[in-house]
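Okay, here's what each chain looks like letter by letter:
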Amino acid sequence: MTINNPDVIIIGAGAAGAAAAWSLSQTNLKIVCLEQGGYMEPDKYPSTKPDWESKRYESFNVSPNIRRLPSDYPINDSESPIGIANYNSVGGSTILYSGHFPRFHPSDFKVKDLDGVADNWPIDYSTLEPYYNLNDKMMGVSGLTGDPAYPLIEGMFEHIPLGEVGEVMGKGFNKLGWHWWPSYSAIITREYMHRGKCINLGPCNMGCPQGAKSSVDITYWPIALKNGVDLRTHCRVREVTVDSKGEINGVVYFDRDGMEVRLLAKMVLIACNGIGTPRLLLNSTSKIFPDGLANRSGLIGKNLMLHPLGYVEGLFEDDINSNIGPHGCCLQSQEFYETDISRGFVRGYTMQILRGSGPIETAVSGVGRRQIPLGDDHHQAVKDTLGKTIGMGIIIEDLPELHNTVTLDPNIKDSNGIPAPKINYKLSENSRKMLAHGLAKGKEVMMSAGATKAMTFGPVRNTGWHLMGTAKMGDNSANSVVNKFGEAHDVKGLYIIDSSIFVTGAGVNIASTLQAVTLYICDNIKKRYQLI
Amino acid sequence: MNNLSSDERNKLIKILDLIIPNKAKMPGASIILENLDIVKHLNQEFINSSRVICEKLEILNLTESFYIIKKTDFRLFSEFINIVLILYYSNNKVLENLNVGSVPPFPTGNNLKQGDIYLLEEVFLKEKIYRD
């Protein structure tokens, strides 16, 4: 369906854009969504082919700087120890995410009150709870009710099987008396809507050909399209525009042929993530907003949070079939999630138990770390490793800091000539201490579980998936970019609905929360304009 | 393989089987030369690296000169090794011998043990650990 005079333009068709398109499509609003990527073809995903694992080194790499697909834009992350990871398509980064889908905790919204750092969110867990529940229903989430690390969460499908990996690690956590719980997973364990259940193929983070992983191209988008949303692919937005009074009036974008198109609307929702959103706003200059649209606070692009990730790997004597099953979703521990000042840092982290690696990653990383030799002993060393390793991600909460930024690179541009983003990021002392603590504790539990060896390192380079904080939400326009309903303080009708508006980042994967926030914002738009 | 001369190919066979030898029912790495098309996007990258490596190899002392490259041009050496490993572990014969299957097992998938959920008893009985 082609709409020439939309009421609403949504920029980006990923996790947030899809949820917004569906939510607003329940009204009479005429909606156009502009997406720089195209539709995915699940029957062509790498895991349907013998060379599936090799695609991780090129076309399905997590870094846009390595993939260099026409839908990608370059990101200068040379001044950051953490490389930026994303995917640009209908479905966005949910195409490559592992589907790990925990919620934020009540305390994550009140860090100023509880721990005296950063700022409180202007909304809280109870505000978002109905939207978490709605999003779980729309996406399809598996998990187990009764986790003492969370308020009651119900209505999930049966959790992903623990497998031998989960049993081994569960026993290891139990020996130490530490918390653990099966992962909250955006992967369905039962047939749901038009989707097949998980059959434990493994490489979820290269696209799920089965349709069991809840990427938004197969959850929200089919319904939004049926409801009449006009989704235009291979369309890259150059700028969001305002009229002479500073009121929003539309966007300028390049279509799939590279032609410049002007599209008018009185409401624009930006869903381009914590890098793409500040990039777009900083590129949207005018006489009224010479420093970037909605940037009177000067905070667009500041306070970037990335969740530095530590990695622990344990090697076990027995074959525990660790290379089988959803890679990122086994179990998690939040033993060290809430603040305990005696640890020497504030806030905390999640331990996320991963399955083992496939043959290529086992060999490449093993040789790189000099744990697997070349030559005569190579085969035996691979045999002693494959299916016998367990990985663990340590997801730490980095706090918002003004010196961690997204700016416009003065030299690098994308294929449409639009200035690329540049990242400047440094780990704070608090983050470093937390990371060191997490790595040590990760090693401790690996050994408790029976590992013969455990290695640790961090921050891991290309793991900057969780892009937050660069258009902060708040009540005070001098200290934030959008209000508690996601609308820019400076520009009526301009909404930011992605994780750039996060005040703090918590210590868990963000997809569940960013979609809950999106649904909350859209619900308030509907209420405000009496659309429901 | 049209881009490699027979001399380069002969050198490569020896070097590749030095990196990963034919042993314990596993083929040597020279097997990747039989079907480079399997990973098309790495094909040219492999050929380019191979040609640079071959130029630096001395035929009379192949092994020694290969390891000299490791010392004098580590980046070239490690990039070449990485490509060889990726191509080798994408090869059907290699994957079959590793018992990991050549392709994901559609349509039945993998059988993943459900696991003993009662291991969670002591966690379930904990007081809540989150802060309101």
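A brief look at the structure comes next. (Residues numbered from 1 in each chain as written. Chains lettered and ligands numbered in written order. Predicted model: local features only at pLDDT ≥ 70, side-chain atom pairs only at ≥ 80, totals over all residues. Heavy atoms only, no water.)

1. Thoughts on the overall build of chain A
A tally of regular secondary structure across chain A gives 11 helices and 17 strands. Relative to a compact globule of 532 residues, whose C-alpha radius of gyration would be 24 Å, chain A shows 22 Å and is just as compact. Summarising its shape, the C-alpha atoms of chain A cover approximately 70 × 50 × 45 Å along the three principal directions. Within chain A, the proportion of its 532 residues that are buried is 67%. Counting only contacts in chain A whose residues sit at least 6 apart along the sequence, the fraction spanning at least 24 positions is 73%. About 18100 Å² of surface is accessible on chain A, with carbon and sulfur atoms providing 49% of the total. Computed over 51 positive and 55 negative side-chain charges, the separation of the two mean positions in chain A equals 3 Å. (Helix = DSSP H or I, 4+ residues; strand = E, 2+ residues; numbered from the N terminus. Rg over C-alpha atoms; globule rule 2.2 N^0.38 Å. Buried < 20%, exposed > 50% of the residue type's maximum accessible area, 1.4 Å probe, protein only. Contact = heavy atoms within 4.5 Å. Areas by Shrake-Rupley, 256 points an atom, 1.4 Å probe, with all protein chains shown as cover. Lys, Arg positive; Asp, Glu negative; His and termini not counted. Charge placed at Lys NZ, Arg CZ, Asp CG, Glu CD.)

2. Notes on the packing of helix α1 (residues 15-24) of chain A against helix α11 (residues 511-528) of chain A
All names here are of chain A. For the pair α1 and α11, interaxial distance at closest approach is 9 Å and the crossing angle is 30°. One finds that α1 runs roughly parallel with respect to α11. Once α1 is placed against α11, the crossing between them reads as right-handed. Of the residues in α11, those in contact with Ala15, Ala16, Ala19, Ala20, Trp22, Ser23 and Leu24 of α1 are Leu514, Gln515, Thr518, Leu519, Cys522, Asp523, Ile525 and Lys526. (Axes fitted to C-alpha atoms, helices over the stretch in contact; angles between N-to-C directions. Parallel < 35°, antiparallel > 145°, perpendicular 65-115°, else oblique. Left-handed = near helix turned anticlockwise from the far one by under 90°.)

3. Quick look at helix α3 (residues 62-72) of chain B
Buried residues of α3(B): B:Leu62, B:Ser65, B:Phe66 and B:Ile69, and no others. Each buried residue of α3(B) sits inside an arc of 105° when the element is viewed along its axis, so together they form one side. (Arc of directions from axis to C-beta.)

4. Looking at the pairing of strand β10 (residues 309-315) of chain A
Residue and element names in this part refer to chain A. Burial within β10 is extensive, with 6 of its 7 residues counted as buried. Alignment of β10 against strand β13 (residues 389-396), held across 7 bridges, turns out to be antiparallel. Bridged to Glu313 within β13 is Gly391. Summarising the sheet, β10 and strand β16 (residues 453-457) pair through 5 bridges and their orientation is antiparallel. Counterpart to Leu315 in the pairing with β16 is Lys453. (Pairing = 2+ DSSP bridges.)

5. Observations regarding unusual backbone geometry
All names here are of chain A. Omega for the bond connecting Gly458 with Pro459 falls within 30 degrees of zero, at 0°, which places this linkage in the cis form. Relative to the elements of secondary structure, Pro459 occurs in the loop between β16 and β17 (494-496). The backbone of Asn200 sits at a positive phi, close to 60°, despite the residue not being glycine. Topologically, Asn200 is positioned in the loop between β4 (181-182) and α6 (220-226). For Asn200, a relative accessible area of 9% puts it in the buried group. One non-glycine residue, His307, lies in positive phi territory at about 55°.

6. Brief notes about the interface of chain B and chain A
How big an interface is tends to be stated in terms of accessible area lost as the parts join. Facing 48 residues of chain B, the contacting portion of chain A comprises 64 residues. In this structure, the connection of chain B to chain A is made through 3 salt bridges. The closest approach of N and O atoms between B:Arg131 and A:Glu338, which form a salt bridge, is 2.9 Å. Run the count over chain B and chain A and you get 18 residue pairs in polar contact (both at pLDDT 80 or more). Breaking the side of chain B that touches chain A down by element, the ones donating at least two residues are α1 (6-19), α4 (74-88), α5 (92-97) and α6 (121-124) of chain B. With 5 residues, the single largest contributor to the side of chain B that touches chain A is α4(B). (Salt bridge = Lys/Arg side-chain N within 4 Å of Asp/Glu carboxyl O. Polar contact = N/O pair within 3.5 Å; in protein donor to acceptor, adjacent residues only side chain to side chain.)

7. A few points about the nonpolar core
Core analysis: the biggest nonpolar cluster contains 140 residues, and A:Met169, A:Trp221, A:Leu269 and A:Leu494 have the highest contact counts within it. The residues contacting A:Leu494, other than those within four sequence positions of it, are A:Val240, A:Ile248, A:Val268, A:Ile270, A:Leu281, A:Leu293, A:Ala294, A:Gly486, A:Glu487 and A:Ala488. If you look at the next biggest cluster of nonpolar residues, it comprises 41 residues, including A:Val367, A:Ala381, B:Ile69 and B:Leu87. (Core = buried A, V, L, I, M, F, W, Y, C linked by side-chain atoms within 4.5 Å.)

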